[in-house]
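Descriptive structure summary
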Amino acid sequence: MKSIVILVSGRGSNMEAIVRAGLAGARISAVISNRADAKGLEFAAAHGIATAVVDHKAFASREEFDAALAGAIDAHRPDLVVLAGFMRVLTDGFVRHYEGRLLNIHPSLLPAFPGLHTHRRALEAGVRVHGATVHFVTPTLDCGPVVIQAVIPVLPDDDEDSLSARVLKHEHRIYPQAVRWFVEERLSISAQGRVLLRDEVGEEAGW
Ligand code: GAR
């Protein structure tokens, strides 16, 4: 049974999608937040999942916060750590500690629009397609190897709300998919930092 720890900072709808996917061979060991008021914690607790809060404001530096966060995570001996709307920049040391077992979802077609306000920036840039990306986390923000992307058209009357709502629906599809691949031991990252994915019949693709 693979142990998964999910980190959230707010609503937690991606965490919810992963929990609801009911992945065989995996157990959501804990949902951890840097904010005590994160809505996602309520859903997790209501579903019998252990929750914890490591408040970033209680620490003098990123290093100290990340060390405390890693302690809370490692108590659950995770095979995989899933960032699901976790809105803290992580130190290199933290990211290296979870190398190859740390996934993130970002609401844009990376490498376009790393950082914040992705939907607004996509509209301002006038792009015709937009979407979401699941990637392995590496020390450079929003730059890790891409696992799966969802692409949607930008419609003429889209605003930030309509675009983000349509992207979010696809996030809820691709994130459980990526986590399922990992749990089934079909998804990994090579020493060269390439994504390796085996299909159902064992054929391996790399990119
Ligand atoms: C999601 O859209 C996720 O892609 C984004 O925050 C939202 C969290 O929603 N993540 C980032 O922007 C990370 N840089 P959720 O809490 O309902 O899953």
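Note that the structure is a prediction, hence the values are computed from the model and not measured.

1. Re the sheet that holds strand 5 (residues 102–106)
- Pairing within the open sheet is mixed, and its 7 strands lie in the order 3-2-1-4-5-6-7. Only two strands of the sheet have a single partner each, and these edge strands are strand 3 (50–53) and strand 7 (146–153). Strand-to-strand twist in this sheet, taken as the mean axis angle between neighbours without regard to direction, amounts to 20°.
- Bridge count between strand 1 (residues 2–8) and strand 2 (residues 26–33): 7 bridges; the pairing is parallel. The residue bridging I6 from the neighbouring strand is V31, located in strand 2.

2. Here's the deal with the UniProt feature "binding site: (6R)-10-formyltetrahydrofolate" (unreviewed entry) in the protein
- As annotated in UniProt, the feature "binding site: (6R)-10-formyltetrahydrofolate" (unreviewed entry) corresponds to R62 and N104 in the numbering used here.
- Residue position: R62 is located in helix 3 (residues 62–74).
- Excluding residues that lie within four positions of it along the chain, R62 makes contacts with R88, V89 and T91.
- Inspection of the secondary structure assignment puts N104 in strand 5.
- Setting aside residues up to four positions removed in sequence, N104 forms contacts with L83, T133, V134, H135, V137, D142 and Y175.

3. A look at the pairing of strand 9 (residues 195–198)
- Burial of strand 9 is one-sided: the residues V195 and L197 facing one way are buried, the residues L196 and R198 facing the other way are not.
- Of the strand pairs in this sheet, strand 8 (residues 187–189) and strand 9 are connected by 3 bridges, and their pairing is antiparallel. Within the sheet, the bridge partner assigned to L187 lies in strand 9 and is L197.
- Connecting strand 8 to the next strand, strand 9, in antiparallel fashion are 5 residues, including G193 with a positive phi near 80°.
- In terms of strand pairing, strand 9 meets strand 10 (residues 204–206) through 3 bridges, oriented antiparallel. Each residue of the ladder has a partner; that of L197, found in strand 10, is A205.
- Here strand 9 hands over to strand 10 after 5 residues, with G202 in that stretch at a positive phi of 90°.

4. Here we look at the UniProt feature "active site" (unreviewed entry) in the protein
- Under the UniProt annotation, "active site" (unreviewed entry) lies at H106.
- Its place among the elements puts H106 in strand 5.
- Residue contacts for H106: discarding those within four places in its chain leaves F113, P114, G115, T118, A132, T133, H135 and D142.

5. A look at the sheet that holds strand 9
- Taken together, the 3 strands give an open sheet; going across it, the order is 8-9-10, and neighbouring strands pair in antiparallel fashion. Sheet topology places strand 8 and strand 10 at the edges, where each strand pairs with a single neighbour. Taken pair by pair, the neighbouring strands of this sheet meet at an average axis angle of 25°, ignoring direction.

6. Quick notes on the site of the ligand
- Taken together, R11, G12, S13, N14, G85, M87, I105, H106, P107, L168 and E171 form the complete shell of residues around the ligand.
- With respect to the ligand, the side chain of S13 contributes an N or O atom lying 2.5 Å from an oxygen atom.
- Calculation on the ligand without its partners gives an accessible area of 440 Å², and the protein chains cover 87% of this total.
- When contributions to the shell around the ligand are tallied by element, the ones reaching two or more residues are helix 1 (13–20), strand 5 and helix 6 (160–183).
- A per-class count over the shell around the ligand returns 4 nonpolar, 5 polar and 2 charged.

7. Considerations on the packing of aromatic side chains
- Counting across every chain of the model gives 2 aromatic pairs.
- Ring geometry for F94 versus Y98: centroids 4.9 Å apart, planes at 55°, classification tilted. By the burial criterion, F94 is buried, and Y98 matches it.
- A cation over a ring is seen here: R88 above F65, with NZ or CZ 6.0 Å from the ring centre.

About the cut-offs
- Residues numbered from 1 in each chain as written.
- Predicted model: local features only at pLDDT ≥ 70, side-chain atom pairs only at ≥ 80, totals over all residues.
- Heavy atoms only, no water.
- Pairing = 2+ DSSP bridges.
- Helix = DSSP H or I, 4+ residues; strand = E, 2+ residues; numbered from the N terminus.
- Axes fitted to C-alpha atoms, helices over the stretch in contact; angles between N-to-C directions.
- UniProt positions renumbered as here; feature names shortened; annotations may be inferred.
- Contact = heavy atoms within 4.5 Å.
- Buried < 20%, exposed > 50% of the residue type's maximum accessible area, 1.4 Å probe, protein only.
- Near = heavy atom within 4 Å.
- Polar contact = N/O pair within 3.5 Å; in protein donor to acceptor, adjacent residues only side chain to side chain.
- Areas by Shrake-Rupley, 256 points an atom, 1.4 Å probe, with all protein chains shown as cover.
- Nonpolar A, V, L, I, M, F, W, Y, C, P; charged D, E, K, R; others polar.
- Phe/Tyr/Trp six-rings, centres within 6.5 Å; stacked < 30°, edge-to-face > 60°.
- Lys NZ or Arg CZ within 6 Å of the ring centre and 35° of its normal.

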